[in-house]
Amino acid sequence: MYVAVKGGEAAIRATHDLVAQMRRGDPCVPELDTRQIREQMKLAVARVMNEGSLYDEDLAALALKQSQGDAVEAAFLMRAYRTTLPRFGSSAPLDTARMAIRRRISAAFKDLPGGQVLGPTYDYTHRLFDFALEAAGLTAAPAVTPGGAPLDESMPRVPDILGSEGLMEPERALPDDPAPCDVTREPAEFPIDRDGRLQMLARGDEGFLLGLAYSVQRGFGANHPFAGEIRMGETSVRYRPEDLGFEIDLGEITVTECQMINQFSGSKDAPPQFTRGYGFAFGHSERKAMSMAIVDRSLKCRDLGEAADYPAQKEEFVLYHCDTIEASGFVEHLKLPHYVDFQGELELIRKIRREHDERAAEPALFTPSEAAE
Amino acid sequence: MSADTALCADPNYNFAYIDEQTKRMIRRALLKAVSIPGYQVPFGSREMPLARGWGTGGIQVTAALIGPLDRLKVIDQGADDTTNAVAIRSFFSRVTGVETTQKVAEATIIQTRHRIPERPLTEDQILVYQVPQPEPLRKLEPSEVETRNMHAWEEYGLMQVRLYEDIARFGHVATTYSYPVMVNDRYVASPTPIPKFDNPKMNMMPALQLFGAGREKRIYAIPPYTKVRSLDFDDHPFTVQSWTQPCTLCGARDSYLDEVIVDDSGGRIFVCSDTDHCEGRRELGHVGPAEDSERST
């Protein structure tokens, strides 16, 4: 005899214990220290900070440890914590032209003021296993010889160089320079302005944006982007408290910025000009910043009077679906019980099939030869 | 307020988790929603420590409403002991310390996913629905810009056409849950994925019905004693599901039944989805046909 299943609470408690056990793995292997994650898994930490929408390397490292390295679950932990933090104001705009550059490349010019700075990157490595990394304790980082000359203090941004010639679409502040919107406080409303779009892209899933950017390049979009510039380094965050009256330095963050240059043939009102897409991410996150820049440009189609024929040009499609946390939550909610609704479907499908069978059993109204005609 | 219950709340978090400013923001959205029955009010939905799509809208509505003297009941699929209901109930126990209950009659707030309790609700109760997709027109029109316009202009022809096409193809409206309703003769609204069996309970319900969609950042409401009509046609009136057999456990013939597979050769029984309803009947001595026959032998 069936007895309604009870004991859900005890079973759920047991899953908490099991996941803790699985997270620890073999107890003979030393436990991970969150400092090791913060220092040695920096790119994973950056991704969690981006999609978690919160710059805190220590918390991101803890999130990665707690989630067994699942970037989406880790970003979710960051978001759930972020929502409890008070919002005390907006920082002054970051001046990335004056950031302490560690990497800065332009694919549009062979050389440019400030030079090409390769910095730390996997781009020029051969993807061959370095088995020396497997043997613990043997891998002291090599001594780095500093370059011959110190980097220029000023590293003008490539689109600004083009802008002085009038070739580049200018970025203009809105009249009265209003504070940017915050989609975590006020719901995004469509059509959305660029500030909301950039915020949603910055929080968006790297994989989703990468796929969309790729689709634009392959022809599901009208643009051919040039990597005008990618820069990575440290910049200070400055904030002006109301009661203090002057800016104070809140600390330094590592950021990656990408500006893509795209063709624009002009319209009857505007001469041909290059247009730009903007990407920005916490930490060293070039793939994310580049994807974001391509998608940002793609979503400018409305303002530029271009047809929005492809997925990457449809802002509701892109922005509603790029959020890692919302997407994973809703896809995975299919794991929740749905048996009440499924019962409704079962009842209906049985009824329709029964009626179908009854109709089939009725004598035919015409003979097969007639039907064949 | 009893000091005992307040002491039980986790001191690391504000009462009901979200801060008071956010509660006020949600309450303003709720007031607007109650003032315009069936209209979807955008609100600054916060990220919660439970996943999107797992009840974050309902949780925020409940958190904005709940006080120390409330008694909370949480159900999913009609049951108090399904995983989602357990997780949400224990969340509110932790962050509010309020008393929880499994009995509909004792609850002041009932948060629900996919069902309306069988027992009629009263004016002293609030029913909070968890809403995965607040937009009843979404499957017909994916763009939010478009659907907001359709609501503004009361352009619901597309929905009627869809229902008509179902009847033309299948002989029935092939929607068994999330069956669209007209609220207060003005807005077409989603009753959330409750089975259409529950739709008639929404009409002129004495309790306040609130709907929270966290991921989609919308709140809507049906005030007490509001007209709620399931869309239909004069020659194809709205009907609800019915079963040929009663609940195997309590013998109820008037409740929504879940099918439970009991062996691997197609054997199945039907039991009430509303566990409180079923248990209450059994406590009163009602038995199902199976136990009835066991007793008589």
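Basis of the calculations
- Residues numbered from 1 in each chain as written.
- Chains lettered and ligands numbered in written order.
- Predicted model: local features only at pLDDT ≥ 70, side-chain atom pairs only at ≥ 80, totals over all residues.
- Heavy atoms only, no water.
- Helix = DSSP H or I, 4+ residues; strand = E, 2+ residues; numbered from the N terminus.
- Expected span 1.5 Å × (residues − 1).
- Buried < 20%, exposed > 50% of the residue type's maximum accessible area, 1.4 Å probe, protein only.
- Arc of directions from axis to C-beta.
- Phe/Tyr/Trp six-rings, centres within 6.5 Å; stacked < 30°, edge-to-face > 60°.
- Contact = heavy atoms within 4.5 Å.
- Buried area = accessible area lost by both parts, 1.4 Å probe.
- Salt bridge = Lys/Arg side-chain N within 4 Å of Asp/Glu carboxyl O.
- Polar contact = N/O pair within 3.5 Å; in protein donor to acceptor, adjacent residues only side chain to side chain.
- Nonpolar A, V, L, I, M, F, W, Y, C, P; charged D, E, K, R; others polar.
- Right-handed = clockwise from strand over helix to strand, strands pointing away.
- Pairing = 2+ DSSP bridges.
- Axes fitted to C-alpha atoms, helices over the stretch in contact; angles between N-to-C directions.
- Parallel < 35°, antiparallel > 145°, perpendicular 65-115°, else oblique.
- Left-handed = near helix turned anticlockwise from the far one by under 90°.
- Domains from an automatic or database assignment.

**Section: helix H6 (residues 157–170) of chain B**
Residue pairs three or four apart in sequence face the same way in an α-helix, which turns once every 3.6 residues. Residues and elements named next belong to chain B. Relative to the 20 Å expected for 14 residues at 1.5 Å per residue, H6 spans 20 Å between its end C-alpha atoms, a close match to the ideal helical length. For H6, the set of buried residues is Met159, Leu163, Asp166 and Ile167. All buried residues of H6 fall inside an arc of 95 degrees around its axis, so they share one side. Facing away from the buried surface of H6 by more than 90 degrees, the exposed residues are Tyr164, Ala168 and Arg169.

**Observations regarding the packing of aromatic side chains**
Residue and element names in this part refer to chain A. Enumeration over the complete set of coordinates arrives at 16 aromatic pairs over all chains. Between phenylalanine 208 and phenylalanine 317, the aromatic rings sit 6.4 Å apart at their centres with planes inclined by 45 degrees, giving tilted as the arrangement. With a gap of 109 residues between them, phenylalanine 208 in helix H8 (residues 206–218) and phenylalanine 317 in helix H11 (residues 315–321) connect regions that are remote in the sequence. Overall, phenylalanine 317 belongs to the partly exposed group, its relative accessible area being 36%.

**With respect to unusual backbone geometry**
Glycine aside, a negative phi is what most residues show, and trans is what most peptide bonds show. With omega at -5 degrees, the peptide bond leading from A:Phe190 into A:Pro191 counts as cis. As for its position among the elements, A:Pro191 is in the loop between helix H6 (158–163) and helix H7 (194–203). The phi dihedral of A:Gln68 is positive, around 60 degrees, even though this residue is not glycine. Checked against the element boundaries, A:Gln68 lands in the loop between helix H4 (57–66) and helix H5 (71–82). Of note in the backbone geometry, B:Met204 takes a positive phi value of approximately 55 degrees without being a glycine. Following the sequence through the fold, B:Met204 ends up in the loop between helix H7 (199–202) and strand E8 (208–213).

**Here we look at the interface of chain A and chain B**
Interface size is often expressed as the accessible area that is lost when the parts come together. At the junction of the two partners, chain A supplies 45 residues and chain B supplies 65 residues. Together chain A and chain B conceal approximately 4500 Å² of surface at their shared face, both sides included; 57% is due to carbon and sulfur atoms. Counting every contact that joins chain A to chain B gives five salt bridges. At the boundary of chain A with chain B, the tally comes to 24 residue pairs in polar contact (both at pLDDT 80 or more). Going through the elements one at a time, helix H1 (8–24), H5, H11, helix H12 (324–332) and helix H13 (339–361) of chain A are the ones with two or more residues in the side of chain A that touches chain B. Looking at the side of chain A that touches chain B element by element, the count peaks at 13 residues for H13(A). Of the residues belonging to the side of chain A that touches chain B, the class tally is 19 nonpolar, nine polar and 17 charged.

**Some thoughts on the pairing of strand E2 (residues 71–76) of chain B**
Residue and element names in this part refer to chain B. For E2, the tally of buried residues reaches five of six residues, placing the bulk of the element in the interior. Handedness of the β-α-β unit built from E2, helix H4 (residues 83–96) and strand E3 (residues 99–100) comes out right-handed. By the bridge criterion, five bridges tie E2 to strand E4 (residues 109–113) in an arrangement that is parallel. For leucine 72, the partnering residue across the bridge sits in E4 and is isoleucine 109.

**With respect to the packing of helix H3 (residues 56–65) of chain B against H4(B)**
Relative placement of two packed helices is described by the angle separating their axes and the distance separating the axes. Residues and elements named next belong to chain B. Remark: H3 packs on H4, axes separated minimally by 12 Å, with the N-to-C direction vectors making an angle of 30 degrees. With respect to H4, the axis of H3 lies roughly parallel. Handedness of the H3/H4 crossing: right-handed. Judged by residue contacts, Ile59, Thr62 and Ala63 of H3 engage Ile88, Phe91 and Phe92 from H4. Looking at the contact of H3 with H4, its residues break down into five nonpolar, one polar and no charged.

**Side note on the domain arrangement of chain A**
All names here are of chain A. By the assigned domains, chain A splits into domain 1 (8–82) and domain 2 (96–120 + 151–171 + 183–329). Between the C-alpha centres of domain 1 and domain 2 the distance comes to 29 Å. A buried area of about 1400 Å², summed over both sides, lies between domain 1 and domain 2, and 52% of it is on carbon and sulfur atoms. Per-residue buried area on domain 1 facing domain 2 is highest for Asn50, Tyr55 and Arg79; these three make up 44% of the total on that side. One salt bridge connects arginine 79 with aspartate 323, and the closest N-O pair in it is separated by 3.0 Å. Counting every contact that joins domain 1 to domain 2 gives ten residue pairs in polar contact (both at pLDDT 80 or more). For the side of domain 1 that touches domain 2, the leading source of residues is helix H3 (residues 42–52), giving six residues. Taken together, the residues of the side of domain 1 that touches domain 2 sort by class into eight nonpolar, two polar and four charged.

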